[in-house]
Amino acid sequence: MKVVPIDLGERSYPVYIGRDIADLGRVAREFDLGEKVLVISSRPIASLYGREVRDALGSCGFQVSLARVPDGEKYKTLSWAAKLYEECAEDKLDRNSTILALGGGVIGDLAGFVASTYLRGINFIYLPTTLLAQVDASIGGKVGVDLPQGKNLVGSFYQPRFVYTDLKVLRTLPQAQIKEGLAEIIKYGVIEDKDLFLYLEQNLEKIKTLSLDSLEYIITRCVQIKAAVVQEDEREKRGKRQVLNFGHTIGHAIESGTGYGRYSHGEAVAVGMIAAARIAKKMGFLPEDSLVRMENLVRRADLPSRVEGVNGGKLWDALYLDKKIKGGKLYFVLPRRIGEVFLTDKVPLTLVREAIRELGVEK
Ligand SMILES: NC(=O)c1ccc[n+]([C@@H]2O[C@H](COP(=O)([O-])OP(=O)(O)OC[C@H]3O[C@@H](n4cnc5c(N)ncnc54)[C@H](O)[C@@H]3O)[C@@H](O)[C@H]2O)c1
């Protein structure tokens, strides 16, 4: 089992990368977690892995109960958090008790939020079940819920006691969700690690077919990269964490400008990364061959680098909304080369327009 330490002073925690849920109980016993564990999961994930998790913890002496939330982002809400608080109270969880999130990013955010607020904060542990949650959402302590007015508007920073990433759970994950994770993994390669990018180029097929050794390598590397960013800027105060937004300026505008239905987050980020790379090339920062490598890898990962049916006016409205949020300026994370990016607010709007046109956005 691999262990990646996340070094955040007294909030430090390890991420275990293993291949068998049965190891979870033994790992949990190494921490002072009390006796009661409430597992919070979605209905489908509970049917797939609830029993294994229960057995793993139960066989090590924990008293385990399970709360199921319906599947999907639309349940990452305050009203579901309230139902879960009641479940905590009915199960008589106390200050020493533990909430375990078993699921993707939606469950991690919701269960982590409940753990961070019930009794002003109880132990939180996370078994992420999507590739995206394993490389991204489980690291860094952002927890929260959505409001009708927008995503992730209520939340806090709350670090888990540990994360247990099991590689084998990815075998039941639909291919579309593997692609969601791949978009973020390509992002990590471009922002921080040319060797990871090269590894992806050379081993993409193995990753798509879920070779455990390849998954272990890329997930370990991505966790290390996100850990390094979070360690430098835990609460997003110093700007370092913003490099993680590579591909998100235009990507987010595509998602919100199309009402969050047409393109998934990973697809929108892939398109946004290509647009940012083209802008960087036009501004003379990024060499042509690096742009071509990025376009090829995105295509081979079955992610889009063009869009269809996206209205230009709505996309610009969404971009301007972002601009307002960031103090009147349009920020881009641009690649200088594969493995290095920088943050700028000096991209000429004509280039943004050109890049958006090249994506196939309608007038
Ligand atoms: N906290 C953070 O730092 C952070 C970072 C990125 C994203 N997020 C949040 O994460 C959420 C998206 O997370 P996600 O992409 O993991 O989606 P998700 O949690 O909705 O899971 C996607 C789908 O995959 C299914 N699934 C999950 N694991 C499975 C498995 N092993 N086998 C079969 N099916 C499985 C789920 O039931 C769901 O239908 C968003 O709410 C986003 O805001 C949080």
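Per an unreviewed UniProt entry, the protein goes by 3-dehydroquinate synthase and derives from Aerophobetes bacterium. Quoted verbatim from the Sequence similarities (unreviewed entry) field of the UniProt record, the comment on the protein reads "Belongs to the sugar phosphate cyclases superfamily. Dehydroquinate synthase family."

Asks: Help me get a handle on the sheet that holds strand S5 (residues 98–103), residues and values and all.
Replies: Read across the sheet, 7 strands follow the order S1-S2-S9-S6-S5-S3-S4 without closing on themselves; strand pairing throughout is mixed. The sheet is open, and its two edges are formed by strand S1 (2–6) and strand S4 (63–69), each paired on a single side. Strand-to-strand, the axes of this sheet are offset by a mean angle of 20°, without reference to chain direction. Relative to S4, strand S3 (residues 36–42) is paired through 7 bridges, and the arrangement is parallel. Bridge pairing in S4 links valine 39 to leucine 66. Strands in contact with helix H4 (residues 105–117) are S3, S4, S5 and strand S6 (123–128); relative to S5, the strand with the most contacts, it is inclined by about 170°.

Asks: Any chance you could break down the UniProt feature "domain: 3-dehydroquinate synthase N-terminal" (unreviewed entry) in the protein for me, citing the residues and the numbers?
Replies: Feature annotation in UniProt places "domain: 3-dehydroquinate synthase N-terminal" (unreviewed entry) on residues 68–179, given in this structure's numbering. Within residues 68–179, the helical portion is 34% and the strand portion 29%, while the C-alpha atoms at the span's ends are 26 Å from each other.

Asks: Which residues make up empty space enclosed by the protein, and what are the values?
Replies: Leftover empty space is mapped by rolling, across the atoms, a probe with the size of a water molecule. Taken as a whole and judged by the stated rule, the model has 2 cavities of 30 Å³ or more. The calculated volume of the largest cavity comes to roughly 60 Å³. Around the largest cavity, the lining residues are Gly108, Asp109, Phe124, Tyr126, Ala137, Ser138, Gly141, Lys142, Val143, Tyr158 and Pro160. Of all the elements in the fold, those that place two or more residues in the lining of the largest cavity are H4, S6 and strand S7 (142–147). Looking at side-chain class alone, the lining of the largest cavity contains 6 nonpolar, 3 polar and 2 charged residues. Roughly 30 Å³ of internal volume is contained in the second largest cavity.

Asks: Could you give me a rundown of the side chain of glutamate 216, with the residues and numbers involved?
Replies: With respect to the helices and strands, glutamate 216 occurs in helix H8 (residues 212–232). Judged by relative accessible area, which is 16%, glutamate 216 ranks as buried. In this structure glutamate 216 touches Lys2, Ile17, Arg19 and Leu167, once residues within four positions along its chain are discounted.

Asks: Please set out the packing of aromatic side chains residue by residue, giving values where relevant.
Replies: Within the structure shown, the criterion is met by 9 aromatic pairs. Three or more aromatic residues joined by ring pairs make a cluster, and in this case those are Tyr16, Phe31 and Phe162. We note lysine 187 situated over the ring of tyrosine 188; from NZ or CZ to the ring centre the distance is 5.4 Å. Positioned over the ring face of phenylalanine 342 is arginine 336, at 4.3 Å from the centre of the ring.

Asks: Please give an account of the packing of helix H6 (residues 175–192) against helix H10 (residues 265–282) that cites residues and values.
Replies: As a packed pair, H6 and H10 sit with axes 8 Å apart at the nearest point and diverge in direction by 30°. Here H6 is positioned roughly parallel relative to H10, judged by the angle of their axes. For the pair H6 and H10, the crossing hand works out as left-handed. Counted together, Lys179, Glu180, Ala183, Glu184, Ile186 and Lys187 of H6 and His265, Gly266, Glu267, Val269 and Met273 of H10 form the full contact between these two elements. Of the residues in the contact of H6 with H10, the class split is 4 nonpolar, 2 polar and 5 charged.

What counts as what
- Residues numbered from 1 in each chain as written.
- Predicted model: local features only at pLDDT ≥ 70, side-chain atom pairs only at ≥ 80, totals over all residues.
- Heavy atoms only, no water.
- UniProt positions renumbered as here; feature names shortened; annotations may be inferred.
- Pairing = 2+ DSSP bridges.
- Helix = DSSP H or I, 4+ residues; strand = E, 2+ residues; numbered from the N terminus.
- Axes fitted to C-alpha atoms, helices over the stretch in contact; angles between N-to-C directions.
- Contact = heavy atoms within 4.5 Å.
- 1 Å grid on protein atoms, 1.4 Å probe; cavity = no way out; pocket = protein on both sides within 12 Å on 5 of 7 lines; lining within 4 Å.
- Points joined across faces, edges and corners; volume = space filled by probe spheres on them.
- Nonpolar A, V, L, I, M, F, W, Y, C, P; charged D, E, K, R; others polar.
- Buried < 20%, exposed > 50% of the residue type's maximum accessible area, 1.4 Å probe, protein only.
- Phe/Tyr/Trp six-rings, centres within 6.5 Å; stacked < 30°, edge-to-face > 60°.
- Lys NZ or Arg CZ within 6 Å of the ring centre and 35° of its normal.
- Parallel < 35°, antiparallel > 145°, perpendicular 65-115°, else oblique.
- Left-handed = near helix turned anticlockwise from the far one by under 90°.

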